[in-house]
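Chains, contacts and geometry: an overview
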Amino acid sequence: MPLGPDTPLSSKLAVLLGRKRAREGKTPSTRNLASATAATPGGKPVMTHQVINDLLNGVKSDPKSSQLAGLARAFDGPVAYLLSGYNGLTSLTVYEEHQDAREALRLIHDLGEAGAAELLEAAREIRLRHGRSDLTVPEVPEPLPPVAEPPRPGRRRRLSFTEAAERAVSDLEGN
């Protein structure tokens, strides 16, 4: 789990949202994401859709630990990925999803760098036997998506008198 440059939480959520969009074929609404933060299906969400929207847009960036767990549930990602400095989405996902990977790490705990180097070499040999190289496994999906998704078409927000007048002039002039 590499500690790297501090990627903003909003960018990490955008990566997870993009993965979710790819699986489901559409972007889930913030209301659906908020309901998915509940600890149990149909339970009380740990955050509102507005808080999720603020996190996605970078307005807020420091959720509580219970909210981090809820975000991980809603976005189908590892909790550790949402922490500051932990950018290895691929390795964190493997760590959370595979008991054998955790066991391998536990077994080399007291072997130091030599044990880690041997494990790494063995993993590279296994990948080569399966016809894969270690270059095809990105640590962080590249490139990072933009921080916020463009707003969806829908009902316009209420405009001030000045903004409404400017929009009317613009529409009449064809701009």
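So, here's what we can say about the structure. Since the model is a prediction, treat every value here as computed from it, not as a measurement.

This part takes up the overall build of the chain. The secondary structure content of the chain amounts to eight helices and zero strands. Overall, the chain shows an N-to-C arrangement of helices and strands of α-α-α-α-α-α-α-α. If you take every contact in the chain between residues at least 6 apart in sequence, the share linking residues at least 24 apart comes to 56%. Carbon together with sulfur atoms contributes 56% to the accessible area of the chain, which is approximately 12,100 Å² in total.

This paragraph deals with the packing of aromatic side chains. Per the stated rule, a full pass over the model turns up zero aromatic pairs. Over the aromatic face of Tyr-81 sits the side chain of Lys-12, whose NZ or CZ is 5.3 Å from the ring centroid. When the ring centre of Tyr-95 is taken as reference, the NZ or CZ atom of Arg-102 above it lies at 5.9 Å.

Of all hydrophobic cores here, the largest spans 21 residues; its most connected members are Leu-13, Ile-52, Leu-55, Leu-71, Phe-75, Tyr-81 and Leu-82. Looking at this core, the elements with two or more residues in it are α1 (9–24), α2 (30–36), α3 (49–56), α4 (65–75) and α5 (89–97). Those residues in contact with Leu-13, other than ones at most four positions away along the chain, are Leu-55, Leu-56, Leu-71, Phe-75 and Leu-82.

Assignment of secondary structure puts Lys-20 in helix α1. Here Lys-20 falls in the buried class, since its relative accessible area comes to 8%. Apart from the residues within four sequence positions on either side, Lys-20 is in contact with Pro-28, Leu-33, Ala-74, Phe-75 and Asp-76.

A word on the packing of α3 against α4. Look at α3 against α4: their axes get within 12 Å of each other, and the N-to-C directions meet at 85 degrees. Here α3 is positioned roughly perpendicular relative to α4, judged by the angle of their axes. Judged by residue contacts, Val-51, Ile-52, Leu-55 and Leu-56 of α3 engage Gln-67, Leu-71 and Phe-75 from α4. Along the lines of polarity and charge, the residues of the contact of α3 with α4 split into six nonpolar, one polar and no charged.

With 16 residues, α1 extends 22 Å from end C-alpha to end C-alpha; this agrees with the ideal 22 Å at 1.5 Å per step. Looking only at α1, the buried set comprises Leu-9, Ser-10, Ser-11, Lys-12, Leu-13, Ala-14, Val-15, Leu-16, Leu-17 and Lys-20. Buried residues in α1 make contact with α2, α3, α4 and α5. Directly beyond the C-terminal end of α1, a positive phi value near 85 degrees is found at Gly-25.

Okay, the environment of Leu-17 next. In this structure, Leu-17 sits in helix α1. With 58 residues separating them along the chain, Leu-17 and Phe-75 place their C-alpha atoms 6.3 Å apart.

A surface patch of nonpolar side chains, amounting to about 240 Å² of accessible area, comprises Tyr-95, Leu-105 and Leu-119. Structurally, Leu-105 can be placed in helix α6 (residues 99–107).

What follows covers unusual backbone geometry. In this model, Asp-76 sits at a positive phi of 55 degrees, which is unusual for a non-glycine residue. Among the secondary structure elements, Asp-76 is positioned in the loop between α4 and α5.

Calculation criteria
- Residues numbered from 1 in each chain as written.
- Predicted model: local features only at pLDDT ≥ 70, side-chain atom pairs only at ≥ 80, totals over all residues.
- Heavy atoms only, no water.
- Helix = DSSP H or I, 4+ residues; strand = E, 2+ residues; numbered from the N terminus.
- Contact = heavy atoms within 4.5 Å.
- Areas by Shrake-Rupley, 256 points an atom, 1.4 Å probe, with all protein chains shown as cover.
- Phe/Tyr/Trp six-rings, centres within 6.5 Å; stacked < 30°, edge-to-face > 60°.
- Lys NZ or Arg CZ within 6 Å of the ring centre and 35° of its normal.
- Core = buried A, V, L, I, M, F, W, Y, C linked by side-chain atoms within 4.5 Å.
- Buried < 20%, exposed > 50% of the residue type's maximum accessible area, 1.4 Å probe, protein only.
- Axes fitted to C-alpha atoms, helices over the stretch in contact; angles between N-to-C directions.
- Parallel < 35°, antiparallel > 145°, perpendicular 65-115°, else oblique.
- Nonpolar A, V, L, I, M, F, W, Y, C, P; charged D, E, K, R; others polar.
- Expected span 1.5 Å × (residues − 1).
- Patch = residues over 30% accessible without salt bridge, like charges linked within 9 Å, V, L, I, M, F, W, Y side chains within 5 Å.
- Salt bridge = Lys/Arg side-chain N within 4 Å of Asp/Glu carboxyl O.

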